[in-house]
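Here's the letter readout for the chains.
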Amino acid sequence: MGTICAPTYANLFLGWWEDTVVFTEELSPYTCHILFWGRFIDDILLLWDGDLTLFDKFMVTLNNNKVDMKFTHVIHKKEIMFLDLKISLHPAGGVHTDISRKLTSTNSLLHWKNHHPMALKKGISIGQYLRAKRNCSDERTFELECDGLFSKFRAREYPKKWLHKAYDRARATDRKELLYERKSADTRQLQTTFKSTVPTNIKCIGTFDAGSRQVREILQRYWPILLADPDLRDVVSHTPSITYRRVSHGNDVGCKLKSSNLSMIFETGELLIGAIIPFHTDHVPPTITFTEPPTQGICTWFLFETYQQFQALRFAVEEINRNPEVLPNVTLGFVAYDSCSVLNKELEGTLGMVTGREQAIPNYLWSGRPPMAAILGHSMSTYSILMAHVLGLYRYPQISHYATSALLSDRTQFPSFFRTVPSDTFQSQGLAQLVLNFGWTWVGLVAMGNDYGQQGIQVITQEILKAGACVAFTELILLNRADRNAPYITRIIKQSTAKAIIVFSIDVFFIPILDEMIKLKVTGKVIVASEAWSISSILLVDKYAPILSGTLGFAFYSSTIPGFKDYLKNTHPFRTPGKTVTRIFWEKTFGCKFFDHDNSSSNSSSRVCSGNETLTGVENAYTDVSNLRTSYNIYTSALVIAEALHNLQSCQEKKGPFHNRSCANPHNFTPWQLTHYVQNVRVRLKDGREVFFDNNGDPPAVYDIVNWQQGVNGVMKQVNVGKYNSAANSRDVLTLNSSAIQWIFRQEQVPTSACSKSCAPGFRKATLIGQPVCCYQCIPCPQGEISNQTDSLDCFRCPWDKWPNLQRNSCFPKTIEFLSFEEPLGATLAGSGVSSFTIPLFIFGIYLKQKDTPIIKANNYSLSCLLLVCLSFCFLSSLTFIGYPQSSKCFLRQAAFGMVFALCISCVLAKTIMVVFAFMATKPGSSLRKWATPRVSYGIIFGCSLLQFILCVSWMSISPPFPENDIQTHPGTVIAECNEGSSTAFWCMVGYLSLLAFISFLVAFLARRLPDSFNETKFITFSMLAFLSVWISFIPASISARGKYTVAMEVFAIIFSAWALVICMFLPKCFIILFRPDMNSREHLLGKLRNRT
């Protein structure tokens, strides 16, 4: 009831309504069931004896009226609340009454030490006790209520003595006197006649102010002048008394706080939700001259999006009030202030909501307004931080729908702050991950010079540096400067080689930089947007398209609200709460002006708004509900508060969350108790998403990734191309549809943003002294190392069996080198060995066929055959050195070579010694005759071979040869070879063979002149000389040769030393046998002997 006459007017109107609408013939089928009808202004109590379905129809009929009057009703069968009276049916019969208090009642009392008249304070206590006497129907209820009153008054320091007096007075008063109306003194006075038409005393009634004392002094000083006039003496016989009007809530006192000039929107309810909403997002500050009181600044730039957010709050509150499952019998209201994006206005609005008054009065709570449950806002982080500092003192739950600063997650500073948007920490991490995903390692940062911008780029910088990328520059938009520092920032952007620029700002503060970029013709930059402007509509203009086309940005999670579009279309300038902002919205939408005192001087050409315009065909940012983001967040915030209030009121005693498992008093809860329920609330939204808060008051972080694309018609639009979800697994945190992204200038390739060109594979990055790590030069990888990735920091060696290619960007298998059967050298040696193997066998066949001929007999047939067989194996042993080295080959080849050659040289040595013994034994009386037997020759062969056998067995047992890959000798080549295990053993074996050959050579050389036509000592001398020459030559050759050529040298030595024996010892005899058979006769042999003798 806004004015003094409002209750009277309401009584008159509703009395007329009862007579002309309710109790009429038309509604008699309903009213005949009304047993009792009682009304106090607009609250009605009735008793109904009919069917409840019929009562519902009665209510529908009452609400279907032409005066836009709506009734709500509550039905109870045993107990009901009416005004401050609780009426219930007594189990024993009759009606029981008690005092009723609303859930939102604060029960605050005037403090005893308050500077109000004493009579007023005493009257309050007496009135409360008399009220208890009147409303309580039995003594027990009265005593309980009095006990509660005594505790409340004592808490406000009322004296015990006076409270006892008030209690005694109420107890002694008859309840019936309190139940019936008493006639006032003014009424009784009207029933009497005036005794005199001239008052005996004149009363001057006025308003108290600072000059009231002077008025009294003036009257006392100059009133006697009037009394001196005989004509006036009878009229003004006495000095008038001065009386002051009763002060109403301190509004009429001479000294008072300045009233607020904030634009406030109020919707009544039993519980209120406060909201700080910047309907205007820019502000022209006043000029301060210090010569006059500062004027108020001018709010500019009214945004449709912000007005849509306000409507989302209204829609949520009305939806909650219609829902019977949430806060039944409690009506939610709201108070909304336009902060105009100015700190002092935001603080003024916050204190106004907390105190309950339009004035910002700290540490004050006015009980004349329904209590404030929670506060929504602000949309900017800096303003929200200021709000959170104030509200945190009282532990008022604050839920922001747009403040994202990471500072607000600090529970030590902001214990009661919550938000339905993710923290900037998640956004900054996501933006850093986004730019790194495209390989942008040289990034520029531009941010607002407030908490939102500075904290955001701080986290982004940390994440970028952590990933090895660099920040090219960091510039701040200075909010205290008219140009926002735009010229300087734009010059830095133009001069920088960084192509990717992250802008952490709101749209209105980014506009000066965009205008400056157009002026300086700055293009070719990829802008990455924070959520504060990524879906801005005011930037979707043609002139910004060359700069913002291809922009990527994070945006809040979007969803839809069923029925919200129709709700927005029903907005009307005369029926929608918030007349001022609604009329501004209406004028902006339809390009007209409302004709009133403010616009009376407007341009006559302006079209006048009639209020009959319709929003049905209007399509703008206000009516666009396709991707609700901020509006959806404020809608969610209201649902969260309602759910928390519902949980608080649904608490069951002894099962509560507070001390001793108690519950909060639903009629008088404290802000910190509601904060507990907000912290633990879980709300399931209509789109299936669940909203809850972590220990820091943050919800799960989910962002949409939008791309600014320019259509064929040149119109800019924001397209969803991905999602960032911090709650997903590490692989799915950032998901992008790269094919749907449109880059600047419609490029198909991802733009690059780097300080230095990428180092191709085969090179590594080397940082430049005094430069960031992203500024580097490319250096080729050293010999034997590669880098197979772009921008490799280091080169690395290939595996042991691989080698870098010429570009040094990959490894290919090394060439495995060994003496192979397939290559020409190996095939030639293998062919030589195999073919040579047949020659001794062929000679062996000749010897078998010609074994009875003189020349064969004269040259020790059996040793010759054994030598031929051994020579055949010597040729075969060369084959074990050809082919890929295997364990068995390495183990056997040197031993086989050593043994067969030991047998060969032993046979040669035996033949030589036997020749000497044979000639020496022919002398008469020679004692060597007994040594010229075959057993001696075999003994020599066995003895010499046994020593070699022992040497080989020892070698194979102690340090056997094994296959080995040599990667050091020739880079890029793996030499597959046999490691001899013990070089000493190998050279001992070769040395032993050389020793045997040298002994054979020496003996043969000494016996070369023995008289015999078929004396072999000459041939043995030459064969051993050739044998020793071959192996002596092998020593330096094997040392100088590497890889397969060392093996080839040994094979060559084996074959040629064997051939030396074959040629020198058997070729002359084969020539005689095959070509000079005449010389192969006893006569020829004896003839030669005679000639020599």
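Residues numbered from 1 in each chain as written. Predicted model: local features only at pLDDT ≥ 70, side-chain atom pairs only at ≥ 80, totals over all residues. Heavy atoms only, no water.

(A) How the structure looks around the overall build of the protein chain. Counting secondary structure elements, the protein chain contains 31 helices and 36 strands. Within the protein chain, the proportion of its 1093 residues that are buried is 46%. Counting contacts in the protein chain only where the partners sit at least 6 residues apart, residues at least 24 apart contribute 67% of the total. As displayed, the protein chain offers around 57000 Å² of accessible surface, 57% of which is attributable to carbon and sulfur atoms. (Helix = DSSP H or I, 4+ residues; strand = E, 2+ residues; numbered from the N terminus. Buried < 20%, exposed > 50% of the residue type's maximum accessible area, 1.4 Å probe, protein only. Contact = heavy atoms within 4.5 Å. Areas by Shrake-Rupley, 256 points an atom, 1.4 Å probe, with all protein chains shown as cover.)

(B) Quick peek at the sheet that holds strand β35 (residues 962-966). Strand order in the open sheet formed by three strands is β34-β36-β35, with mixed pairing between adjacent strands. Taken across any chain shown, the strands that pair with only one partner, and hence form the sheet edges, are β34 (815-817) and β35. Neighbour to neighbour, the strand axes of the sheet diverge by 25 degrees on average, direction disregarded. Where β35 lies against strand β36 (residues 973-979), five bridges are found, and the strand directions are antiparallel. Note on β36: the bridge partner recorded for Phe 962 is Asn 979. (Pairing = 2+ DSSP bridges. Axes fitted to C-alpha atoms, helices over the stretch in contact; angles between N-to-C directions.)

(C) Broad picture of the pattern of salt bridges. Inspection of the entire model under this criterion finds 21 salt bridges. A salt bridge links Arg 134 to Asp 84; the nearest nitrogen and oxygen atoms lie 3.8 Å apart. Linking Arg 134 in helix α4 (residues 118-135) with Asp 84 in the loop between β3 (79-82) and β4 (85-89), this pair joins segments that are 50 residues apart in sequence. Classification of Arg 134 as partly exposed rests on a relative accessible area of 31%. Relative accessible area serves as the criterion here: at 24%, Asp 84 is assigned to the partly exposed category. For Asp 515, the salt bridge goes to Lys 543, with nearest N and O atoms at 3.4 Å. (Salt bridge = Lys/Arg side-chain N within 4 Å of Asp/Glu carboxyl O.)

(D) Spotlight on the state of the cysteines. For the structure on display, the rule yields eight disulfides. Two residues, Cys 592 and Cys 609, share a disulfide whose sulfurs are 1.7 Å apart. Disulfide Cys 592-Cys 609: the torsion about the S-S bond is 100 degrees, which places it as right-handed. Linking Cys 592 in strand β21 (residues 592-593) with Cys 609 in the loop between β22 (607-608) and α21 (630-649), this pair joins segments that are 17 residues apart in sequence. Of the two residues, Cys 592 and Cys 609, neither departs from the other in class, the shared state being buried. Between the sulfur atoms of Cys 781 and its disulfide partner Cys 795 the distance amounts to 2.0 Å. The disulfide joining Cys 781 to Cys 795 has a torsion of about -75 degrees about its S-S bond and is therefore left-handed. Here Cys 795 lies in the loop between β30 (785-786) and β31 (796-797) and Cys 781 lies in the loop between β29 (776-780) and β30, a separation of 14 residues in the sequence. (Disulfide = S-S within 2.5 Å.)

(E) Geometry of a nonpolar patch on the surface. Among the surface-exposed residues, Phe 942, Leu 946, Leu 947, Phe 949, Ile 950 and Val 953 lie close enough to one another that they form a single nonpolar patch of about 570 Å² accessible area. Relative to the helices and strands, Leu 947 resides in helix α27 (residues 934-958). (Patch = residues over 30% accessible without salt bridge, like charges linked within 9 Å, V, L, I, M, F, W, Y side chains within 5 Å.)

(F) Representation of the confidence of the model for the protein chain within the structure. Residues with a pLDDT of 70 or more make up 86% of the protein chain, whose mean pLDDT is 81. The model gives residues 185-199 a pLDDT under 50, and that stretch makes three contacts with residues more than four places away or in other chains. (pLDDT = per-residue confidence, 0-100.)

(G) Local environment of the sheet that holds β3. Pairing in this open sheet of three strands is antiparallel, and the strands run β3-β4-β5 from one edge to the other. Pairing within the sheet leaves two strands with one partner each, and these edge strands are β3 and β5 (95-99). Strand-to-strand twist in this sheet, taken as the mean axis angle between neighbours without regard to direction, amounts to 20 degrees. Both β3 and β4 contribute to a ladder of four bridges, which runs antiparallel. Bridge assignment links Phe 82 to a residue of β4, and that residue is Leu 85. On the sheet, α4 packs against β4 and β5 and is oriented at approximately 165 degrees with respect to β5.

(H) Region of interest: the side chain of Asn 135. Checked against the element boundaries, Asn 135 lands in helix α4. For Asn 135, the side chain forms a polar contact with the main-chain oxygen of Asp 84, separated by 3.1 Å. With residues near it in sequence (within four places) discarded, Asn 135 still touches Asp 84, Leu 85, Thr 97, Asp 98, Ile 99 and Arg 175. (Polar contact = N/O pair within 3.5 Å; in protein donor to acceptor, adjacent residues only side chain to side chain.)

(I) The arrangement of the environment of Pro 159 in detail. With respect to the helices and strands, the residue Pro 159 is situated in the loop between α5 (139-155) and α6 (160-172). The spatial distance from the C-alpha of Pro 159 to the C-alpha of Trp 112 is 8.3 Å, given a sequence separation of 47 residues. Apart from the residues lying within four places of it in its own chain, the contact partners of Pro 159 are Trp 112 and Arg 154.

(J) A look at the pairing of strand β17 (residues 470-477). Pairing analysis gives seven bridges linking strand β16 (residues 442-448) to β17, with the strands arranged parallel. Directly across from Val 443, in β17, lies its bridge partner Val 471. Taken together, β16, helix α15 (residues 451-466) and β17 constitute a β-α-β crossover, and its handedness is right-handed. (Right-handed = clockwise from strand over helix to strand, strands pointing away.)

(K) Spatial organisation of the packing of α4 against α5. Interaxial distance between α4 and α5 falls to 9 Å at its minimum, and their mutual angle equals 160 degrees. As the angle between them shows, α4 and α5 are arranged roughly antiparallel. Along this stretch, α4 crosses α5, giving a crossing that reads as right-handed. Mapping the contact onto sequence places Ile 124, Ser 125, Gln 128, Tyr 129, Ala 132 and Lys 133 in α4 and Glu 139, Phe 142, Glu 145, Cys 146, Leu 149, Phe 150 and Phe 153 in α5. For the contact of α4 with α5, the per-class residue count stands at eight nonpolar, two polar and three charged. (Parallel < 35°, antiparallel > 145°, perpendicular 65-115°, else oblique. Left-handed = near helix turned anticlockwise from the far one by under 90°. Nonpolar A, V, L, I, M, F, W, Y, C, P; charged D, E, K, R; others polar.)

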